[in-house]
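Breakdown of the fold
Now for the letters of each chain:
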Amino acid sequence: MKLRTILALLSAALLGSAQAQTPPRDDLVLEMSQAFRQGNKARLAQLLPQVRGHALEPWAAYWELRARLDTAPIAEVQDFFARYAGTYQEDRLRNDWLLMLGSQRRWDQFAEDYPRFRMRDDPNVRCYALLVQHLKEGPNAPQTLPDEVRRLWLAQREDSDGCTLAASRLIGEGSGSRRMTQADAWRKARQAIEHNRLRMAASAVTIVAPEAVNQLDDLNNGPSRFLTSKAIAVSRVRRELIGLALIKLATTDLDQATRQLDSKWSVQMAAEERDWVWGVIGKLHAQRLTGFAHEFFARIERDAHLNDDLLAWKVRAALRASRTPEWSQVLRAVNAMGEEARADPTWVYWKARALAAGRTESQKEEAQRLFQSIASPRGFYEMLAMEELGLKIAVPVKPVPLADAEKEAARLNPALNRALYAIAIGLRSEGVREWNYATNLHAPGGMTERELLAAAQFACDREVWDRCINTSERTRNEFDPAQRFPMPFRDSVVRRAEQIALDPAYVYGLIRQESRFIMDARSHVGASGLMQVMPATARWTARKIGMAGFTPDQITDRETNIAIGTGYLKLVLDDFGGSMPLAAAAYNAGPGRPRAWRNGPTLEAAAWAENVPFHETRDYVKKVLANTTMYAAILTGQPQSLKARLGTVSARDSGAPEPNRDLP
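Let me begin by describing the structure that accompanies this report. (Residues numbered from 1 in each chain as written. Predicted model: local features only at pLDDT ≥ 70, side-chain atom pairs only at ≥ 80, totals over all residues. Heavy atoms only, no water.)

Each helix and strand in the protein was counted, giving 40 helices and two strands. By the compact-globule yardstick of 26 Å for 664 residues, the protein fits well, its C-alpha radius of gyration being 27 Å. A burial count over the protein gives 55% of its 664 residues as buried. Within the protein, residue pairs in contact and separated by at least 24 positions form 61% of the contacts whose partners lie at least 6 positions apart. Of the roughly 28800 Å² of accessible surface on the protein, 49% is carried by carbon and sulfur atoms. Charged side chains of the protein number 89 positive and 80 negative; the gap between the two group centres comes to 2 Å. (Helix = DSSP H or I, 4+ residues; strand = E, 2+ residues; numbered from the N terminus. Rg over C-alpha atoms; globule rule 2.2 N^0.38 Å. Buried < 20%, exposed > 50% of the residue type's maximum accessible area, 1.4 Å probe, protein only. Contact = heavy atoms within 4.5 Å. Areas by Shrake-Rupley, 256 points an atom, 1.4 Å probe, with all protein chains shown as cover. Lys, Arg positive; Asp, Glu negative; His and termini not counted. Charge placed at Lys NZ, Arg CZ, Asp CG, Glu CD.)

This is the structure:
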């Protein structure tokens, strides 16, 4: 469907046919978007009257008011809420407004406006709300309130006023088993130091030991010198600072940190402090694939002293400990995880594998129950669970066809139309946010399954494939394979793949993960097009496959992008002996890294993939292989095996041909 046709249909749905006959001034909206990014308040105020009545007027009005929200009268803010009631833009501005009220400690106004906030997806706003509830209700506040503040605060990757303030208040008043304690603040500081977030660490330490904050710079900039300057850990604060220094030292000199902990500090630290540092050392060894990371995790007295991230790395280290995984360590680590982590299919699967390796019938029965609890064609571990139960991966039966009324409701949904209009004129970020709001957050719990299918189909029909796929993936019971695994450009992809003896299902599995079939997709590192090819890689591949006259501007041309992307994928696949997991890792992270990652014992590829050190590449490999398996089932009409595609990963055979060192 051509862009102008799409815009006309969307505009008609939003404004009515009479108004839509006037060509919308999309250029003015785009200019306002640019002015908002530049912070040009004067230009925003000048342009706003000219876009009144435009399909994206709510966005224009949001940008103009948001740019001066800190000085806007309350009455004007409330007028905006009333004028655009029920829209994403109303709720987006309310989110910004609540953050401002919280930062200014205007608790009465916050309490008045928060109940009208629908999204409830901003942890900082939620922490402010919990603090207000605590201030108003005191001892009568829900018993779960401290637990929620703790969870939100420890999960945040950047420092935030709301959660830090709430944690500070609750820790300061802490008493009883369900209250937050000083241990929570030190946990937060350890996490922050490990990830080089000094400001976050300082905020946490300020809560429990403000007199020690000025030492953080020293231990962060010179952890070895800091440790040398301390003769003995005589207090809780001193022990914790020693622990932070050891964690920081481990990130730069793992061997020295291990020696220091082993020879001097271990006996002076409390069990939780010591276990956490051993956990960090084990994690760093696991990320370096040293082969003996599990030995450091084995020094931990209580897995409950670790957080879910460290426990996850304990599982990964146990999986590649030797030719036979350390299943007992896997089981203990998963059992120590929090409730949310234990429910993740990743850890359900590996716990089940550990139980299945046990000796008792009760263990094997529990393993079967766990496999059954996640078995489905919905993801990597879900598919592997199916195969553990003796099932193959087949295409699920399509849901009952959508009724005309269901389709019409999606077609007339203003938020969905605004989202697609924004995407169509180049405001993809704004469009995606509004679409996600409409499907996930506008109503409590999001759209129903049938509404999600209708919204997904609305996006599919307009070839906005990422919204089609992502929306359809949100259904828990219904599974529409045509929506979840579309095959745009089928003739081009299949023809090109078959020409070079490449599995078209593998190509589709990779494209689905790379770009979601967005033609003009561009990554933050400069990769472009359907198959997200880097410019240098494109030039190299063009020469290798004999594409004469290639120029970088051709990389977004569909046929050229497919030819170069499949050509490179084939070269990588051949270089790795036909291993799909290794080739997928190479496509994402470059071929040099997976060559280094294949050291150690021969592993089943699922365990190898779970041990990929980079989160992005680890997730990528699993999703590409799961995608590939489902696409193969669709293309062939036959049940498939994910395990067969995974195979095993071992060190390169010394007798095998040398790798192609020219591969970029």
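Before going further, it helps to spend a moment on the state of the cysteines. Throughout the structure, instances matching the rule amount to two disulfides. There is a disulfide in this structure between Cys 127 and Cys 163, and the S-S distance comes to 2.1 Å. Across the S-S bond linking Cys 127 and Cys 163, the dihedral sits near 85°, which makes this disulfide right-handed. Taken as a pair, Cys 127 in helix H9 (residues 123-137) and Cys 163 in helix H11 (residues 161-172) lie far apart in primary sequence, 36 residues in all. Each member of the pair Cys 127 and Cys 163 is classed as buried. Between Cys 460 and Cys 468 runs a disulfide, and the two sulfur atoms are separated by 1.9 Å. Taking the torsion about the sulfur-sulfur bond, which here is approximately 50°, the covalent link between Cys 460 and Cys 468 counts as right-handed. Regarding the disulfides, the protein carries the connectivity 1-2, 3-4 under sequence-order numbering of its bonded cysteines. (Disulfide = S-S within 2.5 Å.)

Below, the discussion takes up the pattern of salt bridges. Enumeration according to the criterion identifies 52 salt bridges in this entry. Of the charged contacts in the structure, one is a salt bridge between Arg 299 and Asp 262, with a shortest N-O distance of 3.2 Å. Here the residue Arg 299 occupies a position in the loop between helix H19 (293-297) and helix H20 (308-319), and Asp 262 occupies one in helix H17 (residues 254-265), the gap between them amounting to 37 residues. Its relative accessible area of 47% is what places Asp 262 among the partly exposed residues. Bridged by salt links that share partners, the residues Arg 187, Arg 190, Arg 236, Arg 239, Glu 240, Glu 272 and Glu 273 form one connected network. (Salt bridge = Lys/Arg side-chain N within 4 Å of Asp/Glu carboxyl O.)

Looking now at the layout of surface pockets. Roughly 880 Å³ of volume is contained in the second largest pocket. Lining the second largest pocket are 32 residues, with Glu 514, Ser 523, Gln 532, Asn 588 and Glu 616 sitting closest to its centre. A total of four residues in the lining of the second largest pocket trace back to one element, the largest contributor, which is helix H36 (residues 580-589). Its residues assigned to classes, the lining of the second largest pocket shows 15 nonpolar, 10 polar and seven charged. (1 Å grid on protein atoms, 1.4 Å probe; cavity = no way out; pocket = protein on both sides within 12 Å on 5 of 7 lines; lining within 4 Å. Points joined across faces, edges and corners; volume = space filled by probe spheres on them. Nonpolar A, V, L, I, M, F, W, Y, C, P; charged D, E, K, R; others polar.)

Further remarks concern the packing of aromatic side chains. Enumeration according to the criterion identifies 27 aromatic pairs in this entry. Aromatic side chains Trp 59 and Tyr 62 sit 6.0 Å apart centroid to centroid with 85° between the ring planes, which places their arrangement in the edge-to-face category. Of this pair, Trp 59 and Tyr 62 both sit in helix H5 (residues 57-66), separated by three residues, roughly a single helical turn. The exposure classification of Trp 59 matches that of Tyr 62, with both residues buried. Ring geometry for Phe 380 versus Tyr 381: centroids 4.9 Å apart, planes at 85°, classification edge-to-face. In this structure, Arg 94 packs its charged tip against the face of Phe 81, placed 3.9 Å from the ring centre. Its end group placed over the ring of Phe 485, Arg 512 keeps NZ or CZ at 4.3 Å from the ring centre. (Phe/Tyr/Trp six-rings, centres within 6.5 Å; stacked < 30°, edge-to-face > 60°. Lys NZ or Arg CZ within 6 Å of the ring centre and 35° of its normal.)

So, on to empty space enclosed by the protein. Summed over all chains, the structure comprises one cavity of 30 Å³ or more. Computed from the structure, the largest cavity encloses a volume of approximately 50 Å³. For the largest cavity, the full set of lining residues is His 285, Ala 286, Leu 289, Thr 290, Gly 291, Phe 292, Ala 293, His 294, Ala 317, Arg 320 and Asn 611. Put simply, the parts of the chain that give the lining of the largest cavity at least two residues each are helix H18 (271-287) and H19.

The next thing to look at is the side chain of Asn 561. In this structure, Asn 561 sits in helix H35 (residues 558-575). Overall, the relative accessible area of 2% leaves Asn 561 in the buried class. Side-chain polar atoms of Asn 561 contact the backbone oxygen of Ser 528, separated by 3.1 Å. Discounting chain neighbours no more than four positions away, the residues touching Asn 561 are Ser 528, Gly 529, Leu 530, Met 531, Gln 532, Val 533 and Ile 555. (Polar contact = N/O pair within 3.5 Å; in protein donor to acceptor, adjacent residues only side chain to side chain.)

Next up on the list: helix H34 (residues 535-544). Among the residues of H34, those classed as buried are Thr 537, Ala 538, Trp 540, Thr 541 and Ala 542. For H34, the secondary structure elements touched by its buried residues are H35. One or two steps after H34, the chain reaches Gly 546, where phi turns positive at roughly 75°.

Packing of helix H10 (residues 145-155) against helix H12 (residues 182-194) brings their axes to within 10 Å, and their N-to-C directions diverge by 15°. Considering the angle they form, H10 stands roughly parallel to H12. At the point where H10 passes H12, the crossing takes the right-handed sense. Contact with H10, carried on its side by Arg 150, Trp 153 and Leu 154, involves Asp 184, Ala 185, Arg 187, Lys 188 and Gln 191 of H12 and no other residues of that element. When its residues are assigned to classes, the contact of H10 with H12 shows three nonpolar, one polar and four charged. (Axes fitted to C-alpha atoms, helices over the stretch in contact; angles between N-to-C directions. Parallel < 35°, antiparallel > 145°, perpendicular 65-115°, else oblique. Left-handed = near helix turned anticlockwise from the far one by under 90°.)

Attention now goes to unusual backbone geometry. Here the phi dihedral of Arg 105 falls at roughly 60°; this positive angle occurs in a residue that is not glycine. Classification of Arg 105 as partly exposed rests on a relative accessible area of 34%. Here Phe 517, not a glycine, exhibits a phi torsion of approximately 70°, which is positive. As for its position among the elements, Phe 517 is in the loop between helix H33 (504-514) and H34. Of the residues examined, Phe 517 reaches a relative accessible area of 3% and is grouped as buried.

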